[in-house]
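# Geometric and topological summary
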Amino acid sequence: MSALPPNTIGALWILQAAFLFTIMSTLIKLLGSDLSVFQILLVRQCVMALIVAPTIIRNLPHSLKTKRPDLQAARVFFATIAMLCGFTAVIELPLADATALGFSKTFFITIFAIFFLGETVGIHRWGATIAGFLGVLLMLNPGGEGLVDPNALLAIIGAAAAGLVSIIIRFLTRTDSPTTILTYQAVCVGILMTGPAIYTWSTPTLEEWGLLAAVGIVSWAGQMSNIRAFRAGEATAIASLDYSRLIYASAIGILVFGQWPSATTLIGAGLIILASLYTIRREAVRGRQLARAAEGRGYNN
């Protein structure tokens with residue numbers, strides 16, 4: 001594999017990450033019918049913390065040293081919102097809908113980059129952002145009854161929070177190591193979920209315990225694949241392959257849950273993906289990367 005071009009290696013890693021994140025969403029959706037999202041998230045974080053514990057312990061006290069505790073706290077807060085809203089949307093919405101709405105993070109990053117990073121956005125990116133949000137608006141009302149689906153709205157809130165985390169990580173990577181960033185998220189989100197999880201606790205069956213453990217393992221594997229992808233290849237060259245998630249999600253939604261995407265979903269998802277691809281392409285032309293830190297991609301999946 002090392003003999004392959006870097007972008008090809010990155011492409012293979014990101015395709016694997018997309019598949020793993022879709023499997024993670026599928027497991028969460030299966031568990032969500034009987035267990036609370038707080039419980040699922042708590043066990044997920046505990047499993048991931050156990051997996052990375054050797055690295056954390058080996059790098060003590062460096063792994064806990066941060067020059068920006070304020071940004072670490074903000075990152076944990078918004079990551080928690082992103083995961084709670086995103087996971088709830090996955091449980092309640094058709095898998096393809098929740099996946100497509102999650103891609104709106106790209107447009108939120110564009111908007112937040114203006115306010116927090118002082119980036120200049122031209123007419124092309126503004127046009128792509130507006131087109132993408134039109135796709136989002138279509139998917140907020142998939143049935144055409146004139147009512148906004150509250151679960152679709154949660155997916156948008158989760159995507160916005162994920163966009164904020166990506167911006168925060170741009171700052172954090174200037175002062176803190178990737179190990180420190182991942183350590184604070186893995187441990188602190190779990191701590192925040194402990195109280196709500198205990199309050200809503202429902203004793204899992206043996207099968208559910210297995211699925212819960214699998215959520216943590218697959219989440220960690222997906223994040224590692226994502227990080228390796230963006231370390232191996234150029235972000236602007238391989239980022240578009242992340243949209244293969246929608247293909248995986250649509251297929252699993254049909255085969256496992258019997259949920260066929262509606263025409264509105266397909267049109268809305270098409271607008272979101274085309275606008276996102278155009279944004280990524282513009283970033284490549286301008287020689288920039290929409291999300292510069294590998295550790296910032298897929299953090300909330």
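Residues numbered from 1 in each chain as written. Predicted model: local features only at pLDDT ≥ 70, side-chain atom pairs only at ≥ 80, totals over all residues. Heavy atoms only, no water.

## Considering the overall build of the protein
When helices and strands are tallied, the protein shows twelve helices and zero strands. Going from the N terminus to the C terminus, the protein shows its helices and strands as α-α-α-α-α-α-α-α-α-α-α-α. Taken over 301 residues, the protein has a buried fraction of 50%. At a minimum sequence separation of 6, the contacts of the protein that also span at least 24 residues come to 88%. Carbon and sulfur atoms form 68% of the exposed surface of the protein, whose accessible area is close to 13,400 Å². (Helix = DSSP H or I, 4+ residues; strand = E, 2+ residues; numbered from the N terminus. Buried < 20%, exposed > 50% of the residue type's maximum accessible area, 1.4 Å probe, protein only. Contact = heavy atoms within 4.5 Å. Areas by Shrake-Rupley, 256 points an atom, 1.4 Å probe, with all protein chains shown as cover.)

## Observations regarding the pattern of salt bridges
Close approach of charged atoms allows side chains with opposite charge to pair. Taken as a whole and assessed by the stated rule, the structure comprises two salt bridges. In this structure, D70 engages R68 in a salt bridge whose closest nitrogen and oxygen atoms are separated by 2.9 Å. Classification of D70 by relative accessible area gives partly exposed; the value is 44%. On the basis of relative accessible area, R68 is assigned to the partly exposed category, the value being 32%. The closest approach of N and O atoms between R245 and D242, which form a salt bridge, is 3.0 Å. This pair shows no difference in class: R245 is buried, exactly as D242 is. (Salt bridge = Lys/Arg side-chain N within 4 Å of Asp/Glu carboxyl O.)

## Quick word on the packing of helix α4 (residues 95-102) against helix α11 (residues 244-257)
With their axes 8 Å apart at the nearest point, α4 and α11 run at an angle of 160° to one another. The orientation of α4 relative to α11 falls into the category roughly antiparallel. At the point where α4 passes α11, the crossing takes the right-handed sense. Taking contact as the criterion, the partners of L95, A96, T99 and A100 in α4 are, on α11, R245, L246, A249, S250, I252, G253 and F257. Split by residue class, the contact of α4 with α11 holds seven nonpolar, three polar and one charged. (Axes fitted to C-alpha atoms, helices over the stretch in contact; angles between N-to-C directions. Parallel < 35°, antiparallel > 145°, perpendicular 65-115°, else oblique. Left-handed = near helix turned anticlockwise from the far one by under 90°. Nonpolar A, V, L, I, M, F, W, Y, C, P; charged D, E, K, R; others polar.)

## What about a nonpolar patch on the surface?
A surface patch of nonpolar side chains, about 540 Å² in accessible area, is lined by I130, L134, L137, L138, I267 and L271. Contributions of two or more residues to the nonpolar patch are made by α6 (123-140) and α12 (263-285). Looking at which element gives the most residues to the nonpolar patch, the answer is α6, with four residues. In this structure, L134 sits in helix α6. (Patch = residues over 30% accessible without salt bridge, like charges linked within 9 Å, V, L, I, M, F, W, Y side chains within 5 Å.)

## Overview of the packing of aromatic side chains
One pass over the full model with this rule turns up six aromatic pairs. Taken together, a centroid distance of 4.5 Å and an interplanar angle of 55° make the contact between F103 and Y243 tilted. Of this pair, F103 sits in the loop between α4 and α5 (105-117) while Y243 sits in the loop between α10 (235-238) and α11, placing them 140 residues apart in sequence. A residue is classified by how much of its surface remains accessible, and Y243, at 9% relative accessible area, is buried. Feature note: the residues F108, F112 and F116 constitute an aromatic cluster, connected by ring pairs. The lysine or arginine in question, K29, covers the ring of F257, its NZ or CZ lying 5.5 Å from the ring centre. (Phe/Tyr/Trp six-rings, centres within 6.5 Å; stacked < 30°, edge-to-face > 60°. Lys NZ or Arg CZ within 6 Å of the ring centre and 35° of its normal.)

## A few points about α4
For α4, the tally of buried residues reaches seven of eight residues, placing the bulk of the element in the interior. Of all the positions in α4, only L95, A96, D97, A98, T99, A100 and L101 are classed as buried.

## Quick look at the side chain of T80
By secondary structure assignment, the location of T80 is in helix α3 (residues 69-92). A relative accessible area of 7% means that T80 is categorised as buried. When neighbours within four sequence positions are excluded, T80 is seen to be in contact with V189, L192 and M193.

## Observations regarding the confidence of the model for the protein
Per-residue pLDDT for the protein has a mean of 83; in total, 88% of the residues score no lower than 70. Mean pLDDT across the elements of the protein bottoms out in α10 (65) and peaks in α3 (94). Segment residues 290-299 is flagged for pLDDT under 50; beyond a separation of four residues in sequence, or across chains, it makes 42 contacts in the model. (pLDDT = per-residue confidence, 0-100.)

## Describing the nonpolar core
Within the largest apolar cluster, 59 residues are counted, with the highest numbers of intra-cluster contacts made by I28, I40, L41, F87, L93, L101 and L246. Considering each element in turn, this core owes the most residues, nine residues, to helix α7 (residues 150-172). Listed in part, the five residues of the second largest apolar core include I14, A229, F230 and I238. (Core = buried A, V, L, I, M, F, W, Y, C linked by side-chain atoms within 4.5 Å.)

## As for the packing of helix α1 (residues 6-31) against helix α9 (residues 206-232)
As a packed pair, α1 and α9 sit with axes 8 Å apart at the nearest point and diverge in direction by 160°. Judged by the angle between their axes, α1 and α9 are roughly antiparallel. Read as a crossing pair, α1 and α9 show a hand that is left-handed. Considering only residue class, the contact of α1 with α9 consists of 21 nonpolar, seven polar and two charged.

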